[in-house]
Every structure is written in C-alpha cells, then in structure tokens.
Amino acid sequence: MEIRVVDHGPGIPAEDHDRVFQPFQRLGDRDNTAGVGLGLALSRGLASAMGGTLTPEPTPGVASPWS
C-alpha cells in the first residue's frame, strides 16, 4: 500500500530530508505551540517497525524554492 500526504508549503530542502526524521527537529520553525518535532520521527519508526518506509518527495507539479 502507498499513502501520500501532500502539502502546499515550501517543501523540504534535499539536504534536510534525513534530518526532518530526527527527534525534536523543526527545521527552524519558531512557533513552538504546534508541537515539539516528534511526529515524523515517530511516524518513520512505526513505518519501519511494520516493514515499510517513510520518505519525503517533491510535490508533483509544484516548483520548490530549494531547487
């Protein structure tokens, strides 16, 4: 099964693709009321425990400001 979550934000720079899955990473977000940066780390750990993967990709058809 494949599940894709698409947002329309600025995306994640390619050099930070692994870093976003580290616990407590917020990639410079200053608003700490939205969470502590554990969601992607927990999600990747759960996916891995079930034999799956969780990887970031560019949103098709959307130009990234990072490229």
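Details of the structure are given in the entry above.
A.B. asks: Please clarify how the overall build of the protein should be interpreted in this entry.
C.D. replies: Along the backbone of the protein there are one helix and zero strands. Counting across all 67 residues of the protein, residues that qualify as buried make up 10%. For the protein, long-range pairs separated by at least 24 residues make up 32% of all intrachain contacts whose partners lie at least 6 apart in sequence.

A.B. asks: How should the pattern of salt bridges be read in this particular structure?
C.D. replies: Oppositely charged side chains can form a pair if their charged atoms are brought close together. Going through the model one piece at a time under the given rule, you end up with three salt bridges. The salt bridge involving Glu-2 is made with Arg-4; its shortest N-O contact spans 2.7 Å. Its salt-bridge partner being Arg-4, residue Glu-57 comes within 3.0 Å of it at the nearest N-O pair. With a gap of 53 residues between them, Glu-57 in the segment after helix H1 (39-49) and Arg-4 in the segment before H1 connect regions that are remote in the sequence. Look at the salt bridges and you will find they share partners, linking Glu-2, Arg-4 and Glu-57 into a network.

A.B. asks: How do you make sense of the environment of Arg-44 when you look at a structure like this?
C.D. replies: Here Arg-44 shows up in helix H1. Of the residues examined, Arg-44 reaches a relative accessible area of 26% and is grouped as partly exposed. The contacts of Arg-44, once residues within four sequence positions are left out, are Asp-18, Phe-21, Leu-54 and Thr-55.

A.B. asks: What is the right way to read the packing of aromatic side chains from this model?
C.D. replies: When we look at a pair of aromatic rings, we describe it by the centre distance and by the angle of the planes. In the structure shown here, the tally under the stated rule is zero aromatic pairs. Sitting over the face of the ring of Phe-21, Arg-44 holds its NZ or CZ atom 3.7 Å from the ring centroid.

A.B. asks: Would you explain the environment of Val-6 in this entry?
C.D. replies: With respect to the helices and strands, the residue Val-6 is situated in the segment before H1. Sequence separation of Val-6 and Glu-57 is 51 residues, and the distance between their C-alpha atoms is 9.4 Å.

A.B. asks: Would you mind showing me how to read a nonpolar patch on the surface here?
C.D. replies: Residues Met-1, Ile-3 and Val-5 make up a contiguous nonpolar surface patch of roughly 480 Å² in combined accessible area. Residue placement: Met-1 occurs in the segment before H1.

About the cut-offs
For every chain, the first residue of the written sequence is number 1, and numbering continues from 1 along that sequence. Given that this is a predicted model, residues contribute local features only at a pLDDT of at least 70 and side-chain atom pairs are listed and counted only at 80 or more, while totals for whole chains, interfaces and linings are drawn from all residues. For the side-chain quantities, the full set of heavy atoms in the structure was used; hydrogens and water were omitted. Helix and strand labels come from DSSP, where a helix needs a run of H or I of at least four residues and a strand needs a run of E of at least two; each type is numbered from the N terminus. Burial status follows relative accessibility: with a 1.4 Å probe on protein chains alone, a residue under 20% of its type maximum counts as buried, one over 50% as exposed, and anything between as partly exposed. Contacts are assigned to residue pairs that have any heavy atoms within 4.5 Å of one another. When a carboxyl oxygen of Asp or Glu is within 4 Å of a side-chain nitrogen of Lys or Arg, the pair counts as a salt bridge. Paired rings are identified among Phe, Tyr and Trp, the last through its six-membered ring, by centres lying within 6.5 Å, and are further divided according to the angle between planes into stacked (under 30 degrees), edge-to-face (over 60) and tilted (the rest). When the NZ atom of lysine or the CZ atom of arginine is within 6 Å of a ring's centre and also within 35 degrees of its normal, the charge is said to sit over that ring. Residues with no salt bridge and a relative accessible area higher than 30% make up the patches, which join like charges within 9 Å and nonpolar side chains (Val, Leu, Ile, Met, Phe, Trp, Tyr) within 5 Å. Surface accessibility follows the Shrake-Rupley procedure with a 1.4 Å probe radius. Residue values consider only the protein chains on display as shielding.

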